[in-house]
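# Tertiary structure, described
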Amino acid sequence: MAAGILVKTWWRWYISCMSPRRSPFQHHLIALLSYGVLGLILTYPLVTRFFTHVPGDGIDDPALAWNLWWIKHSLVDQQINPFQSQWMFFPVGINLAFYTLTILNGLLSVPLQTSLSVTAGSNLLLLSSLVLSGYGAYLLALETLRPKVQPVPEADNENLSHPLQEQVARQPDRGSSAHLPATVLIAAFLAGLFFAFSSSKMFYISLGQFNIASSQWIPFAVLYVIRSGRPRSTWRDPLLAALFLLFQAYAELIFATFIVIFIALFAAYRLLEYLMAKRKGRMVGQNIDPSQAVKLLIRNLVIIAVVFLIGLIPFLANMLPDMMAEGDIFVEGGGFADIYSADMAGYALPTQLHPVFGNVIRRLANDSQMQADGRQWQVNKGQHLTLGYLGLLFVLFGLWRGLRDPDYRRSGWPMAAFWGLSTLSFFLLTLGPFLRITGYVTPLPGPFQILELLPFFKGNRYPSRYSVMVLVSASPLLAIGAHWLLTRLSGAGRGFHSQRRLVLVASLLALLLVFENLSTPLPMTDLSVPSIYGKIAAGSQGGSVLDLPAGWRNGSNVFGKQDVIIMREQWWQTEHGQPILGGNTSRNPEHKFRYFLEAPLIGPLTVLANADEEHPHIRKQLENGLKALQEGDSSLGGNALLLQAASDAAGTLEFLGSDYVVVHEDHVPAEFTTFVESYLPITELDREGPHRLYQVQPTEPLPAITLAPAETPLSRAEGWSGVPQLAVAPGGLAEQGLWAHRSATRLLLPPLSEKDHQLVVRARSAGSGQTLSLSVNGFDTDTRDLHSNWQELRFSIPAGVLGQKTNEVVLNFGKTFPIAETDAFETLAVDDGPPAALLVESAGLEAGNYAHIWLNGKDISPNQRGYNLAMVDGKTGQFKSAASFDTHGDPQASDRLVDFLDQFDDGSILLVAVKDTAADQLSERAVEALTELGLSDLGGKLRWSQAAIVIGEGLSPHLTRTFERVDGLQSTSVGWGPGWREPNVAAIVDWIEISAIER
C-alpha cells in the first residue's frame with residue numbers, strides 16, 4: 001500500500017511538473033505534499049495515536065514535549081523570562097539557556113496548544129520538521145543542479161518537442177518562470193528524501209529527541225550560505241542565511257555551531273579559489289574580478305556574523321552571567337563523547353530499527369551489551385549511522401560526475417569538490433575522539449578532539465550528531481549522481497522514452513532509499529496524565545508539588561531516582577502547572593544538584609527511594625531502618641539518616657511551601673510509602689493505580705524567623721562557601737557564619753506573612769569599602785556600608801513583598817576581595833598548621849558523583865572516578881602535585897596510588913577525595929598504604945564517599961594526624977579553616993532575622 005501511494009504521488013507530481021500549461025512553481029507544492037505523505041507513512045504508528053502518544057522511548061520525549069508547554073506557560077500565561085525557571089528545580093530554579101529548550105518550536109506550538117493539545121502540537125511540529133527538511137534539501141539540490149539547466153528563450157517554451165528533453169529551466173535571475181526538467185526535479189526530490197528520512201534522523205525520533213530531529217532549517221541556511229559565496233550575490237543572501245541560522249539556533253542551538261563550522265569550511269574553500277584565480281590572473285564567475293569577489297564574500301560573512309550575534313542576544317544575555325559566575329559549565333560532568341560516537345561498521349549496515357534486518361543487527365551487537373572480550377558495540381542510542389548502499393553509491397558517483405562534468409566546472413572550482421570535502425570532514429567528526437569498529441576502540445585519533453577544546457563547540461558531547469551535516473553535504477552529491485542516471489535513462493535510444501517508465505524507475509529508486517533507511521514501526525510513548533494531577537490544578541494555592549521519587553537529570557548525570565518516572569513527573573506538570581523540585585536540563589552548575597542531595601528530608605528520601613534490588617549496597621545499609629518500617633517501629637532501627645529525615649519532615653515541607661505530595665508506588669520500595677505516610681505531615685486525598693495523592697497539612701505563615709546560612713542548607717542558593725562536616729579551626733579561629741563569595745549571593749527564606757517586615761543581617765565585610773543592599777523578591781532596598789567588624793544592618797520590607805511562598809533574598813555586595821587579602825586568611829598563618837584554606841569534598845555516584853579539593857578557593861582535584869589525591873606544602877601552603885587513580889576499573893591503578901603515597905613526607909599535607917567509587921580494584925598493598933596514614937579501608941564498600949586531610953608528622957605535634965569522614969549513603973567533607981570554594985569573598989554572614997511589623 002505504501003509503495004502504491006508513493007508511486008501514485010510521484011506520478012501526479014511528474015505529470016503536473018511536465019505540463020507546459022501548469023504553474024512552474026507547482027512542483028514545490030507537490031514536493032511538499034509528497035514529503036508530508038511520506039512523513040505520515042514512515043512515522044507509523046504515530047498517525048493512529050496522534051492525540052495521546054509521541055514517538056520515543058519515554059526518556060527524553062516527555063521533557064521535550066514539556067518544552068512546548070513551558071514556552072506558552074512562561075510567555076503567554078505568566079509573562080516571564082522563559083530562560084529563568086522556578087517551575088523546575090524549585091526553589092533554587094534553573095537557567096534554561098543551557099537546556100535544549102527548542103524555543104522556536106515552542107513559539108510555533110502556541111496556537112496548536114490552544115486549539116488542540118500539547119501532544120498534538122508536538123506531533124504536528126515533528127511532521128513539519130520532516131517536510132521542511134526534505135524541502136530544504138530539495139531546494140539545495142536544485143541549486144546544485146543549476147549548471148545543468150541552460151536558459152532557453154521564453155518564446156520556445158511552447159514548442160518543445162518532448163517533455164523529458166533537457167529543456168531550459170531556470171534563468172540566472174531567480175524570478176524566472178521557466179519550467180524545470182523532470183530529471184532535475186526527480187533528482188532533487190531524491191536528495192530531499194535522502195536527507196529528511198535518513199536512518200539517523202529517524203533514530204533520534206525513535207529516542208524522542210525532538211530537538212535533534214528539528215534539523216529542518218539546516219539545508220535552508222546552507223543554501224543561502226552557498227548563494228552568499230557567489231561572485232554576484234545580493235544582500236538578500238547573507239540576510240537569509242543568518243535568518244535560517246537563527247531559526248536553527250532557536251530550534252536546537254548545537255546545530256547552529258555545526259553550521260558555523262560549515263560556513264568556515266565554505267569560506268576557506270571560496271577564498272582559496274578566488275585567491276588562486278587572482279594569482280593566475282583569471283576571472284571568476286561571469287567575468288568577475290577575484291579581488292571584488294573576495295570583498296563581496298567577506299562582506300557577506302560579516303553580515304551573517306553580525307545578524308546572527310544580534311539575534312543570539314537573548315541566549316547570550318542569559319548564558320554569560322552564569323558562565324562568568326559558575327565557570328565553563330558546558331563540560332560539567334565530562335559528557336559521553338567516548339560512547340556516543342559513530343561506529344564504522346554502523347555506516348555499512350541498517351539500524352536496529354529496521355523492520356527486516358533490525359533483529360540481525362541487535363544479535364550482531366549483542367543487544368548493545370558488554371561482550372566477553374570487553375568490547376561494546378552500542379547500536380541503541382543513535383551511534384549506529386548509515387547512508388545505505390544505494391545512497392552511498394549515488395553520493396560517490398555524484399562526486400565523480402561533479403568533478404568530471406564540464407558544466408559543473410565552468411563557473412570556477414566545482415562545488416562537488418567542496419561537497420566532498422564537507423562530507424568527509426563531518427564524517428570524521430562523527431567518529432568521535434577515537435575510531436571504533438564493531439565496538440573496538442582503536443588508537444587512531446579523530447578531529448573531534450580539537451572541537452573538545454574550543455569554547456561553545458565543545459558543548460556538543462555527542463559526535464554522532466554531526467551526521468546531520470554529513471547528510472546535508474552528501475545530498476547535493478546524491479542529486480548529481482541521480483540526475484546523470486535519470487538523464488541517461490530518459491535519453492534517445494536508451495529505451496526509456498515513456499513517461500511511465502521514468503516515473504517507475506524514479507519510484508523504484510525512492511523506494512530503495514526509503515527501504516535502506518526504514519525505521520518502522522517507531523516506538524511510542526503514552527503521554528496520558530493521571531487524573532490526580534487535575535485535582536492538584538483545581539485545588540492548588542500556588543505552592544510546590546513534591547513528586548516522589550524525585551530525580552534530577554542533565555546531559556551527563558542522573559541523581560535521585562534513576563528512572564524514567566522523573567521525566568514523566570516533569571511532563572505531568574503540564575497538567576497541574578505548579579513548581580516541582582525535580583527536573584531535567586542539559587547543563588547546569590553542580591550546586592543545582594547538590595542543593596537537593598544535601599537538603600534535609602529531600603536528600604534522605606532520594607536514598608530511601610533507591611533502597612531497592614537494583615541498589616543492594618544502599619538497601620543493606622538501611623536494613624535495620626527498613627525492617628523497622630515494615631514492623632511499624634518508630635525507632636527506625638536506630639538508623640541516623642531516617643531518624644533525621646523524620647525529624648526534618650515538617651520543617652522542610654513548610655520551608656518549601658509544598659501543597660501536595662505525590663508518591664508513585666510502582667517506582668519505590670514498599671517501605672518508602674510507609675515512611676512518607678508515617679512521618680510527613682500529610683493527608684491522603686486520592687489514589688489512581690500506583691499514584692497516591694496527599695495534601696500537606698496547612699500551617700500559618702511565620703511572623704518571624706531567624707536563620708543562620710551555615711546551619712540551614714535549604715536557605716543556601718548560589719554563592720556560598722562550603723560547610724565542612726568535619727572542620728578544623730586553626731589558631732583557635734572558630735568564627736561563626738558562612739562566607740558569601742559573590743557580589744550577588746542568593747538566600748532563600750520560607751513562606752512568611754504578607755505584612756511589613758524588618759530584615760536584619762548580621763555580617764562583616766571581608767575588607768574595607770564594602771556595601772550591602774538587598775533584593776527581596778525583586779524589591780530593592782537602600783544601600784548600607786558594611787565594615788570589617790560585625791554589624792547588624794536593618795532593612796525595611798514593605799507589605800506584600802514577602803509572601804506565602806518560598807522567598808528569595810539576594811545580598812548585593814559592592815565588591816569582592818581576593819581571599820589572600822582578608823584577615824581570615826591571615827589567621828591561617830599560625831604555628832600549628834598550613835597557611836592555606838583547605839576543603840575536601842567527596843560524593844559517591846548516587847550522592848553527587850564528585851571529588852573536590854579546594855586550596856584557597858581553587859579546585860586542584862582531577863575530579864575523576866576513584867581516588868583523587870593532592871599534596872600541599874605544609875609550611876608554605878603551596879600546591880605540590882595531584883593525581884587520580886581509578887581503583888574501581890583499572891587493575892594497575894593501585895600500584896600507581898602507592899607510588900604517589902610514597903612521595904608523602906613529614907612536611908606535606910595529603911588531601912584525599914573519592915569520586916563515584918574506589919572499591920573493586922583496590923589491592924591489599926594499596927589498602928595497607930592508606931591505613932598506615934590512618935585512612936579507612938574502602939575495600940568492598942561500593943560507592944562510599946571518603947574525604948580526608950592527612951597532616952605530615954613534622955608540621956605540628958599538637959595536631960591530630962588524620963581528619964577523615966566516610967559515608968556510604970551521602971556526601972562527606974572535611975575542612976581546614978574557612979570552606980572557601982572560590983578565590984574571592986565578599987563578606988561573612990552570621991544570621992538573618994525577619995520579623996513582621998504590627999501596624
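A short tour of the structure in this document, coming up. Being a predicted model, the structure only gives us computed values, none of them experimental.

Helices and strands together make up the secondary structure of the protein chain, namely 30 helices and 35 strands. Compactness check: the protein chain gives a C-alpha radius of gyration of 32 Å against a globular reference of 30 Å for 999 residues, within 12% of the reference. Dimensions along the principal axes, computed over C-alpha positions, put the protein chain at roughly 100 × 65 × 60 Å. For the protein chain, with 999 residues in total, the buried portion stands at 60%. As displayed, the protein chain offers around 38,300 Å² of accessible surface, 56% of which is attributable to carbon and sulfur atoms. Across the protein chain, the centroid of the 73 positively charged side chains sits 16 Å from that of the 89 negatively charged ones.

Another point: the nonpolar core. Inside soluble globular proteins, nonpolar side chains tend to come together where they are buried. Residues Tyr138, Phe262, Leu622 and Phe675 are the most contacted members of the largest nonpolar core, which totals 200 residues. Tallying contributions element by element places helix α5 (residues 118–144) first for this core, with 14 residues. Of all hydrophobic cores here, the second largest spans 31 residues; its members include Trp739, Ala851, Trp980 and Val985.

With that out of the way, let us pick up unusual backbone geometry. The step from Phe90 to Pro91 runs through a cis peptide bond, and the omega angle for that step is 10°. Here Pro91 is to be found in the loop between β2 (84–85) and β3 (94–95). Omega for the bond connecting Thr520 with Pro521 falls within 30 degrees of zero, at -5°, which places this linkage in the cis form. If you trace the backbone, Pro521 turns up in the loop between α19 (499–516) and β6 (524–526).

Taking 1.5 Å of rise per residue, 16 residues should cover 22 Å, and helix α10 (residues 236–251) covers 22 Å from first to last C-alpha, within 8% of that figure. The set of residues buried in α10 consists of Asp237, Pro238, Ala241, Ala242, Phe244, Leu245, Leu246, Gln248, Ala249, Tyr250 and Ala251.

Another point: a nonpolar patch on the surface. On the surface, a nonpolar cluster with roughly 430 Å² of combined accessible area is contributed by Ile298, Val302, Val306, Ile310 and Ile313. Top contributing element to the nonpolar patch by residue count: helix α12 (residues 290–311), with 4 residues. By secondary structure assignment, the location of Val302 is in helix α12. The partly exposed category is assigned to Val302, whose relative accessible area is 45%.

This part covers the sheet that holds strand β13 (residues 691–696). With mixed pairing, 4 strands are arranged side by side in an open sheet as β7-β11-β13-β12. In the strand order of this sheet, the two ends are held by β7 (544–548) and β12 (682–688), each with one partner. Across the sheet, the mean angle from the axis of one strand to that of its neighbour is 20°, orientation sign disregarded.

Before going further, it helps to examine the environment of Ile288. Along the chain, the position of Ile288 falls in the loop between α11 (253–279) and α12. By relative accessible area, which is 10% here, Ile288 ends up buried. Along the primary structure Ile288 and Pro231 are separated by 57 residues, whereas in three dimensions their C-alpha atoms are 6.6 Å apart.

Going through the model one piece at a time under the given rule, you end up with 40 aromatic pairs. Relative to Phe315, the ring of Phe83 has its centre 5.2 Å away and its plane inclined at 55°; by these criteria the two rings are tilted. In this pair, Phe83 is assigned in the loop between α3 (61–78) and β2 and Phe315 in helix α13 (residues 313–326), connecting sequence segments 232 residues apart. Of the two residues examined, Phe83 and Phe315, each falls in the buried class. On the basis of an interplanar angle of 25° and a centroid distance of 6.1 Å, the ring pair of Tyr135 and Tyr138 is categorised as stacked. Of this pair, Tyr135 and Tyr138 both sit in helix α5, separated by 3 residues, roughly a single helical turn. Each member of the pair Tyr135 and Tyr138 is classed as buried.

A word on the packing of helix α9 (residues 218–228) against α10. At a minimum axis distance of 8 Å, the contact between α9 and α10 shows a crossing angle of 155°. For the element pair α9 / α10, the angle class is roughly antiparallel. Both α9 and α10 take part in a crossing whose hand is left-handed. Contacts between α9 and α10 involve Ile218, Phe220, Ala221, Tyr224, Val225, Arg227 and Ser228 on the former and, on the latter, Arg236, Asp237, Pro238, Leu240, Ala241, Phe244, Leu245 and Gln248. A breakdown of the residues in the contact of α9 with α10 according to their chemical character gives 10 nonpolar, 2 polar and 3 charged.

Bringing the pairing of strand β23 (residues 807–813) into the picture now. Each regular strand carries side chains that alternate between the two faces of the sheet. The buried fraction of β23 amounts to 5 of the 7 residues, a majority that puts the element mostly inside the structure. Examined bridge by bridge, strand β17 (residues 744–749) and β23 share 6 bridges and lie antiparallel to one another. Within β23, the residue paired with Arg746 across the bridge is Val810. Here 5 bridges tie strand β19 (residues 770–776) to β23, and the two strands are oriented antiparallel to one another. Within β23, the residue paired with Ser773 across the bridge is Asn812.

The buried fraction of strand β18 (residues 757–765) is high, at 7 of 9 residues. Inspection of the sheet shows β18 paired to strand β22 (residues 791–797) by 7 bridges, in the antiparallel sense. Within the sheet, the bridge partner assigned to Val761 lies in β22 and is Leu793. Pairing of β18 with strand β35 (residues 987–996), which is carried by 9 bridges, proceeds in the antiparallel orientation. If you follow Ser765 over to β35, its bridge partner there is Ala987.

On to the packing of helix α23 (residues 602–609) against helix α26 (residues 640–656). Two numbers describe how α23 lies on α26: the axes approach to 8 Å, and their chain directions differ by 125°. Viewed along their axes, α23 and α26 adopt a mutual orientation that is oblique. Residues Ile602, Pro604, Val607 and Leu608 of α23 form the contact with α26, whose own contacting residues are Leu641, Leu642, Ala645, Thr652 and Leu656. Grouping the constituent residues of the contact of α23 with α26 by class yields 8 nonpolar, 1 polar and no charged.

Now for the sheet that holds strand β10 (residues 583–584). Strand order in this open sheet of 3 strands is β9-β8-β10, and the pairing throughout is mixed. Here the strands that pair on one side only, and so sit at the sheet edges, are β9 (558–560) and β10. Sheet analysis places strand β8 (residues 551–553) next to β10, joined by 2 bridges and oriented parallel. Residue pairing for β10: Trp552 is matched across the bridge by Gly583.

Checked against the element boundaries, Arg764 lands in strand β18. Judged by relative accessible area, which is 6%, Arg764 ranks as buried. Of note is the side chain of Arg764, whose polar atom sits 3.4 Å from the backbone oxygen of Ser788.

Once that is clear, we can look at the pattern of salt bridges. According to the stated counting rule, one finds 32 salt bridges in the structure shown. Glu143 is the partner of Arg227 in a salt bridge, and the nearest nitrogen-oxygen pair spans 3.0 Å. One end of the pair, Arg227, is in helix α9; the other, Glu143, is in helix α5, with 84 residues separating them in the sequence. Neither Arg227 nor Glu143 differs from the other in exposure class; each is buried.

Each value, and the rule that gives it
- Residues numbered from 1 in each chain as written.
- Predicted model: local features only at pLDDT ≥ 70, side-chain atom pairs only at ≥ 80, totals over all residues.
- Heavy atoms only, no water.
- Helix = DSSP H or I, 4+ residues; strand = E, 2+ residues; numbered from the N terminus.
- Rg over C-alpha atoms; globule rule 2.2 N^0.38 Å.
- Buried < 20%, exposed > 50% of the residue type's maximum accessible area, 1.4 Å probe, protein only.
- Areas by Shrake-Rupley, 256 points an atom, 1.4 Å probe, with all protein chains shown as cover.
- Lys, Arg positive; Asp, Glu negative; His and termini not counted.
- Charge placed at Lys NZ, Arg CZ, Asp CG, Glu CD.
- Core = buried A, V, L, I, M, F, W, Y, C linked by side-chain atoms within 4.5 Å.
- Expected span 1.5 Å × (residues − 1).
- Patch = residues over 30% accessible without salt bridge, like charges linked within 9 Å, V, L, I, M, F, W, Y side chains within 5 Å.
- Salt bridge = Lys/Arg side-chain N within 4 Å of Asp/Glu carboxyl O.
- Pairing = 2+ DSSP bridges.
- Axes fitted to C-alpha atoms, helices over the stretch in contact; angles between N-to-C directions.
- Phe/Tyr/Trp six-rings, centres within 6.5 Å; stacked < 30°, edge-to-face > 60°.
- Parallel < 35°, antiparallel > 145°, perpendicular 65-115°, else oblique.
- Left-handed = near helix turned anticlockwise from the far one by under 90°.
- Contact = heavy atoms within 4.5 Å.
- Nonpolar A, V, L, I, M, F, W, Y, C, P; charged D, E, K, R; others polar.
- Polar contact = N/O pair within 3.5 Å; in protein donor to acceptor, adjacent residues only side chain to side chain.

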